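Okay, here's what each chain looks like letter by letter:
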Amino acid sequence: MNTITIPDFNQTIPIDKIGVEERVSRLNKRSIKKESKMQALKLALSMIDLTTLEGKDSEGKVIQMCRKARVPHASRPDLPSVAAVCVYPTMVATAKKALEGTNINVASVSTAFPSGMAPRQVKLDDTRFAVDQGADEIDMVISRGEFLKGNYNYIFDEIAEIKEACGDAHLKVILETGELETYENVRKASDIAMYAGADFIKTSTGKISPAATQPVTLVMLEAIRDFYRDTGIMVGMKPAGGIRKAKQSLQYLVLVKETLGAAWLTPEWYRFGASSLTNDLLMQIIKQDTGVYQNPDYFSED
Amino acid sequence: MADQTQQNTAEIKDEPSKKPTSPNADLKLDFNSFWEYSAAPESSDFVEIRKSYDHYINGNFTAPEKDRTMKSINPATEEVLTEFAEGTSEDVDKAVKAARKAYNKTWSKLSGRERGKYIYRIARIIQEKARELAIIESMDGGKPIRESRDVDIPLAAAYFFYYAGWADKLDYAFPGRKTEPVGVCGQIIPWNFPLLMLSWKIAPALAAGNTVILKPAESTPITALKFAEICSEAGLPDGVVNIVTGAGQTGSAIVNHPDIDKIAFTGSTEVGKIIQKSLAGTDKKFTLELGGKGPNIVFEDASVDQAVEGIINAIFFNQGHVCCAGSRLLVQEGIAERLIGKLKDRMETLIVGDPLDKNTDVGAINSKAQHERIKEYLDIGVSEGATMFQTNGSVPEKGYFCKPTLFTDVGQSNRIVQEEIFGPVLTVQTFRTPEEAVQKANNTPYGLAGGIWTDKGSKIFKVSQKVRSGVVWANTYNKFDPTSPFGGYKESGVGREGGLHGLYPYVNLLPS
């Protein structure tokens, strides 16, 4: 059995804010044209976690969204379906049924999403319920208050226990970077999550502004790279919230390509938590093929 | 608690189907497969480069006295871009006469405000023609369009804007003193930042009321000749700016011309020494901006990923053809291995190729001669026993290209550590204490620029004060601004360019 040395999380890894932002702006200058653009648009489409996380979610809404997930654009059956749908635990069974016979995963948020302000036992029950309902992936939130208090062991144990409760389901750990504020905190939370057993680290719930940003994503990708070098374990990445345009998604893919390389450029290792991104990607794909933009009314909104 | 969780992590790892494991044993990252960027070349169709260029003297393109020409080559394709005149002492004399006349009759008589108007106008025209100038700069010099578009041309315009502002404020530049212009200035610029170096020279000279004769480098004359057209378009009075093209001999004719009052030179230390010798005993003012072997010092408390990015920017910017390049990396021993690993990864993502492609990071080496010189140094490095690392990516077959190169296992005694290579070649040394870092940083005849990387503010000030360099960047590298002076210690030069300091060599101070 390989042992992994867990670092001392009280030690802060310095991150230079200006340096991170400059690196992102340099990567944003990559020009993605022609075949490389088409390839990236389709790739981004296949990486989407199509999401609905609202208090007013109903079975009807979820079933319709699952149709969109299967066939994003009816006139183009050749296009890939999305990677997963992401719903509340109570909607997992509905989504699971609606996606029967496909490879599309059902991801469920849990642990008293989005605030995470609940006792550990409630979070564990929440997670087990979602898994029992058939969730393939669990998107948990960390207790940001405990993190900001410096109670890093609490966060570590919380994640490790949820991971155990997940069983076979993959665990995505939402750091809610908008509440952590500094890149150093983002780095620290990423490290804690990965050492505690996360399969994916994820930026945001989408309920807090700012949600995903490219500099935050870069810091997390660099944490994943270091973790991979130190342990040999690959961890996936999911920026979520605020990614609405195809162009943004291509910029995110450039970040992944030039930080982690080709191995991470698959839905297995990289996801976009988004909903409106889907139609913009479709619109751009059709534009690449036909040379003209279609009216938005030609794209279904489920 | 932590131990218990560690157990969990490890157990999970034992079930390969649940927990992903690494696809390859040596943990190499693969940057070169699967999703490649398609070619994205900047179109050069609309760019106008004449078949041949004469000197620009007294407001007109003027045929050279003797029918001698030289060729400017595109280093990425080895094709001839244009022919241009090789200036003789007769040509230089003609240009000096024109400049003297313009100085006496018009330019020194104009009010600062009027001079400022012309300089502002030049700055605006540079901005308007930015795209064309950037493309020409990349074609003529081999630098990536990303850099000529985002650095060279915008900065060149910024220097003109900045010094235009000084033109009518000279009375306030040096408290208690009035200023008068120096007269006719001879200016010789290098091939690494053609238009930008031109702006560093011409903008303060004109603002202070001088007239100029400028000689661009023989491998990159085109943007200077385009600038001549801009001067005409701006309606600048004839003879205020004269461009004489040619090589070393032409430069020597400028340096030795008796009616020139000030010489400004940017280039190699070798030529700088020759110039300084020929100026000895004359009353010409001079500024020299010469070579460098910049130390880039990384302490173990630095933010490593951002330092890596800074190291890349310090040495691979403009193919390393930068006098202030951070060509000597000094790393604290504790993080050396980790940092070098990350540096190699980052180097693998550098795209070497067509300078006009928007995705190119490292373009073509400026000339065949420079290409050979760099190759020679690579051989020297290997024969000195250093370990050479070059990236895996491909380079175009045609044109002068050099892969980004890293030398480890080197010491102060190696030639590749002592001498300026002026190419994409970085040497890495380690140090143990700040004292040792400073000692190594200063153990060079050069002193142009350096960098310090640490998360600790007090260390930045403590160490940077001891580094004998004109510029020390902290947690960044290769940052330029018109308001900031730039210049060297020791054999890196005399005098400062940029900012208020850059105005000083172009004025005589008088009691107010």
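Residues numbered from 1 in each chain as written. Chains lettered and ligands numbered in written order. Predicted model: local features only at pLDDT ≥ 70, side-chain atom pairs only at ≥ 80, totals over all residues.

**Remarks on the overall build of chain B**
In step 1: Looking only at helices and strands, chain B has 15 helices and 20 strands in total.
In step 2: Scaling as 2.2 N^0.38, a compact globule of 512 residues should have a C-alpha radius of gyration of about 24 Å, and chain B matches this with 25 Å.
In step 3: If you line up chain B on its principal axes, its C-alpha atoms span 90 × 50 × 40 Å.
In step 4: A separation threshold of at least 6 residues defines the contact pool for chain B, and within that pool the share at least 24 residues apart is 74%. (Helix = DSSP H or I, 4+ residues; strand = E, 2+ residues; numbered from the N terminus. Rg over C-alpha atoms; globule rule 2.2 N^0.38 Å. Contact = placed C-beta atoms within 7 Å.)

**Notes on the environment of B:Leu236**
Residue and element names in this part refer to chain B.
In step 1: As for its position among the elements, Leu236 is in the loop between helix H7 (222-233) and strand S9 (241-243).
In step 2: C-alpha separation for the pair Leu236 and Lys117, spaced 119 residues apart in sequence, amounts to 9.9 Å.
In step 3: Among all residues touching Leu236, those that are not within four sequence positions of it are Tyr118, Cys231 and Val241.

**Thoughts on helix H14 (residues 434-442) of chain B**
All names here are of chain B.
In step 1: Here H14 has its buried residues at Ala437, Val438 and Ala441. For H14, the angular spread of the buried residues around the axis is 95°, confining them to a single face.
In step 2: On its buried face, H14 sits against strand S12 (295-298), strand S13 (328-332), strand S16 (425-431), strand S17 (449-453) and helix H15 (457-464). (Buried ≥ 20, exposed ≤ 12 C-beta atoms within 10 Å, placed from the backbone. Arc of directions from axis to C-beta.)

**Considering helix H5 (residues 145-166) of chain B**
In step 1: Here H5(B) contains 22 residues, and its C-alpha end-to-end distance of 31 Å stays within 8% of the 32 Å for a straight helix at 1.5 Å per residue.
In step 2: With 16 of its 22 residues buried, H5(B) lies for the most part within the structure. (Expected span 1.5 Å × (residues − 1).)

**Here's the deal with the sheet that holds strand S7 (residues 236-238) of chain A**
Residue and element names in this part refer to chain A.
In step 1: As summarised here, the arrangement of the 8 strands in space is S7-S6-S5-S4-S3-S2-S1-S8, forming an open sheet in which the pairing is parallel. Looking at the sheet topology across the chains shown, the edges are occupied by S7 and strand S8 (272-274). If you compare each strand with its neighbour and ignore which way they point, the axes differ by 25° on average.
In step 2: The pairing of strand S1 (residues 48-51) with S8 spans 3 bridges and is parallel. Bridge pairing links Leu50 to Ala274 in S8. (Pairing = 2+ DSSP bridges. Axes fitted to C-alpha atoms, helices over the stretch in contact; angles between N-to-C directions.)

**Topic: the domain arrangement of chain B**
Residue and element names in this part refer to chain B.
In step 1: Segmentation of chain B into domains returns domain 1 (52-290 + 491-511) and domain 2 (295-481).
In step 2: Centre-to-centre separation of domain 1 and domain 2, based on C-alpha positions: 30 Å.
In step 3: Listed as interface residues are 20 residues of domain 1 and, on the opposing side, 26 residues of domain 2.
In step 4: Looking at the side of domain 1 that touches domain 2, the elements with two or more residues in it are helix H4 (130-141) and H5.
In step 5: Top contributing element to the side of domain 1 that touches domain 2 by residue count: H5, with 4 residues.
In step 6: Taken together, the residues that form the side of domain 1 that touches domain 2 break down as 7 nonpolar, 7 polar and 6 charged. (Domains from an automatic or database assignment. Nonpolar A, V, L, I, M, F, W, Y, C, P; charged D, E, K, R; others polar.)

**Describing the sheet that holds strand S14 (residues 387-390) of chain B**
Residues and elements named next belong to chain B.
In step 1: Taken in spatial order, the 7 strands of this open sheet run S14-S15-S16-S13-S12-S17-S18, and their pairing is mixed. Looking at which strands have only one partner, the edges of the open sheet turn out to be S14 and strand S18 (471-474). Neighbour to neighbour, the strand axes of the sheet diverge by 20° on average, direction disregarded.
In step 2: Where S17 meets S18, 4 bridges bridge the pair, whose relative direction is parallel. In the sheet register, Gly451 faces S18, and the bridge partner there is Trp473.
In step 3: Sitting on the sheet, helix H10 (residues 304-316) touches S12, S13, S16 and S17, and the angle it makes with S17 is about 170°.

**A short note on the packing of helix H1 (residues 17-27) of chain A against H10(B)**
In step 1: The N-to-C vectors of H1(A) and H10(B) enclose an angle of 55°; their axes lie 9 Å apart at closest approach. Classified by the angle their axes make, H1(A) and H10(B) are oblique. Helix-helix and strand crossings are classified by hand; for H1(A) and H10(B) the assignment is left-handed. Of the residues in H10(B), those in contact with A:Gly19, A:Val20 and A:Arg23 of H1(A) are B:Gln306, B:Glu309 and B:Gly310.
In step 2: The residue makeup of the contact of H1(A) with H10(B), split by class, is 1 nonpolar, 3 polar and 2 charged. (Parallel < 35°, antiparallel > 145°, perpendicular 65-115°, else oblique. Left-handed = near helix turned anticlockwise from the far one by under 90°.)

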